[in-house]
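So the chains spell out like this:
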Amino acid sequence: MLPFTLRPLAAAIGLVLAMPAWAQQNAADNDAAARSTTTLSPIITRALANERESAINYTTPNSTAATGLNLSLRETPQSVSVVTARQIEDQGTTTVDETLALLPGVFHRTWGNRSAGYNSYLSRGYEIDNYLIDGANLFGFDDSQSKNNTDSAIYESINFVRGATGLASGIGDPGGVIEFVRKKPTVDRRASLEVGAGSWRHYRTMLDASGALNDDHSLRGRVVVALDDGGEWQRRAKQHRGTFWGVLEYDLAPATLLTVGLQHDQERSIGSSMHSFNPFYGDLKNGFRPMPFGPRDNASARWAYRNAHRTELSTRLEHELANGWHVNARYSYATGENRQLYGIAGTFGVQSDGSARLVGGYWEHAPKEHILDLSVTGDYAWLGRGQAFKLGLSYNHMDDFDTPQFDREIVPVANIFTYDGTIDQPVFTDRGRGGDKKRMASLYGVTNVYFTDRWSVLLGTRLVNWKSSNRTLYNDFATVEQKESAIFTPYLGTVLKLNGWLSAYGSYSTIFKPQENEDINRHRLDPEKGAAIELGLKGQWMDGKLNAAASVFQTRKDNVASQAGRRDDGTSYYVAVDGAKARGVELMVQGEPRKGWLLTAGYTHVRSKDAEGRYLDADWPVNMFTLSSSHDLTDRFTVGGDLQWQSKMLGAQAYDIPDGATAEDARIINEADTQKAYALVNLSVRYRFDRHLSVRVNLGNVFDKRYRTSASSLSFGAPRNIMATLRYDF
């Protein structure tokens, strides 16, 4: 059997060889497809409309991510933004982490190498821990590396709903929910092939082919294959990844649609690990100094690696009833494996003479997840108007409960300043079998009621049963269970149309979040509970081609995990804090202000405090600004770019400053643990030779800004880089 990296390549070559025959019939087939579009079911017609808008604009007229109802952004009583396929192509982003950087108000925090490090995304002062794929909740997508490195070529759009997610997911932080919408088949036949090369031996190939597969266009398919190699800026680090997405749609009847999809991701990284060097070194006797390492320096051992793969099979059956109501049944099964051997030097306790320690370990994860969702959606008549309604039942079961658990080992490093990754690999002892198991069942309902032509109220709730089981070597493999029944998360929103283009809105939602953070005795903290309120204005122009919003928000939570220190092995422990509040303001605009000019811009300010008024947000930026744009100068020439600015971050905690340190030592440690405010500028230019062939050049970090992605670690973002991509549309 061919290895993974060759199987999609062989398929891609076969498809490319077939392109001339495909292209020869395109004109006739697409004319027929255009004629047949008028006879397609409303299910397909709506999907095609959304796909077309995503391909030409930086916004979308409607979204279901926030409420489950297909509402315009102006009708949705919560802040929503989107990255479309057009924006992904213009800005040349190839991974989820690069793409999410285009979303206003989202901060990506990384500890270590981007391929093998820990990754988290934050918004409004909280972690984003809820993800939807094509509308379905996905527990297993919280593996930070796999999420971070998934190829963005398979997505039609990425939607982000800010704030509490009780209605969308039932449980989770009020940072928001991100929905990944994968590409769907088209009726017309089309295909594109991209090849690219860039800095640090970065090579990339992407194929996207779609169209009807029979004469009456009742069977449609799409295949996306992406192969990506290189692009790591750290010395000794290498990465290889590949993504396959294949989907079929079949009209079982004029009003019944069956969709079957298969996604496979595989990645391998060598010479990279999570975490990085500590920002400072020294001791009480000799004083402290900033660590003199930069973006290309690598704390990982040469023998470190990560191998991971994930496969998901998804099915969906949609039926439109005679009265216009829709019945939707969805099931998916995902399985994967993640093996990581890591070794990181100098993460803590580096002495003045350079003597340090390397923390090494090995882990395996093999999560399996079943997802089931049944829903019915439609309009009912009340108050002389059609009112939208949705009722559904969902079930998630994620099992990673039987994987080997290994001891971590600490190895002395003679001199961190001459360390080049060459060090003996420790022997890691298999201590037993453990892992996690999670189950969640939800009953949800939502309705949007128009009391007048201008005033609507959205009412919704989820009733959730949740259970988690965990066993690790740290608790001697005793099963620790957390269980919550009948979790009630109500949601209330309202929208008032002030005129033909401006609306005022408000929303209230409760918060419930089970925790995996542990206290000093490795006992998990109690679930976080609270509420979120949001008020704002929304504008929409040109039939939804341009959207803008301004909002203020506040969240309040109890049992919030606050990092309290580090154990002897370098791991962090937490305490629960009550009365934590986050307040902020957001401004955003997305869309096409005028023909040929596409724009996304947003500003976020947020502060978090505990009950005593102490700030909780020192290690992420209080202020963020994002601007992304492209402009068609002619029908052949397009220029664009993006600007990302954030205020400073403070990584130093009280426990980082040892007892007995002088005022000068404390100052040095605080400065070393601070990432100052910075701005990144990325530019792009595209030239179309004809309607088939084009070339795009993306220049990243134009001014070669040196910046850290985590204030408490020397984990750096990419230096100046360039990528050139040649594209052929068949």
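Please refer to the structure placed before this passage.
Chemist: Explain the nonpolar core to me, and be specific about the residues and the numbers.
Modeler: Among soluble globular proteins, nonpolar side chains are generally buried collectively. L100, Y121, I128, I178 and F180 are the most contacted members of the largest nonpolar core, which has 26 residues in total. Of all elements in the fold, only α5 (96-100), β7 (130-133), β9 (155-162), β10 (176-182), β13 (219-229) and β14 (238-253) reach the threshold of two or more residues within this core. Among the elements that make up this core, the one with the highest residue count is β9 (three residues). Once residues lying within four places of it in the same chain are set aside, the contact partners of L100 are V106, Y121, I158 and I178. Counting residues in hydrophobic clusters, the runner-up holds 25 residues, among them F277, M291, A345 and V413.

Chemist: Tell me about the sheet that holds strand β6 (residues 126-127), and name the residues and values.
Modeler: For sheets, the rule is that strands pair by backbone hydrogen bonds, running either parallel or antiparallel. Strand order in the open sheet formed by three strands is β4-β5-β6, and the pairing between neighbours is antiparallel. Taken across any chain shown, the strands that pair with only one partner, and hence form the sheet edges, are β4 (107-111) and β6. Relative to β6, strand β5 (residues 118-123) runs antiparallel, the two being bridged by two bridges. In the strand pairing of β6, L122 is matched with E127.

Chemist: Outline the environment of W620, supporting the account with residue identities and numerical values.
Modeler: With respect to the helices, strands and loops of the structure, W620 is situated in the loop between β33 (597-609) and β34 (623-632). Its relative accessible area of 12% is what places W620 among the buried residues. Sequence separation of W620 and T709 is 89 residues, and the distance between their C-alpha atoms is 9.4 Å.

Chemist: Account for the side chain of T725, naming residues and giving values.
Modeler: As for its placement among the helices and strands, T725 is situated in strand β42 (residues 721-729). On the accessibility criterion, T725 (7% relative accessible area) is buried. Discounting residues that sit within four places of it in the chain, T725 has contacts with E194, V195, G196, S694, V695 and R696.

Chemist: Can you explain the sheet that holds strand β8 (residues 136-137)? Please cite residues and give values.
Modeler: Reading across the sheet, the five strands line up as β3-β9-β10-β7-β8 and stay open at both edges, with mixed pairing between neighbours. Each edge of the sheet is formed by a strand with only one pairing partner; in this case those strands are β3 (80-84) and β8. Sheet topology places β9 next to β10; seven bridges connect them, and they run antiparallel. Counterpart to F160 in the pairing with β10 is I178.

Rules behind the numbers
- Residues numbered from 1 in each chain as written.
- Predicted model: local features only at pLDDT ≥ 70, side-chain atom pairs only at ≥ 80, totals over all residues.
- Heavy atoms only, no water.
- Core = buried A, V, L, I, M, F, W, Y, C linked by side-chain atoms within 4.5 Å.
- Buried < 20%, exposed > 50% of the residue type's maximum accessible area, 1.4 Å probe, protein only.
- Helix = DSSP H or I, 4+ residues; strand = E, 2+ residues; numbered from the N terminus.
- Contact = heavy atoms within 4.5 Å.
- Pairing = 2+ DSSP bridges.

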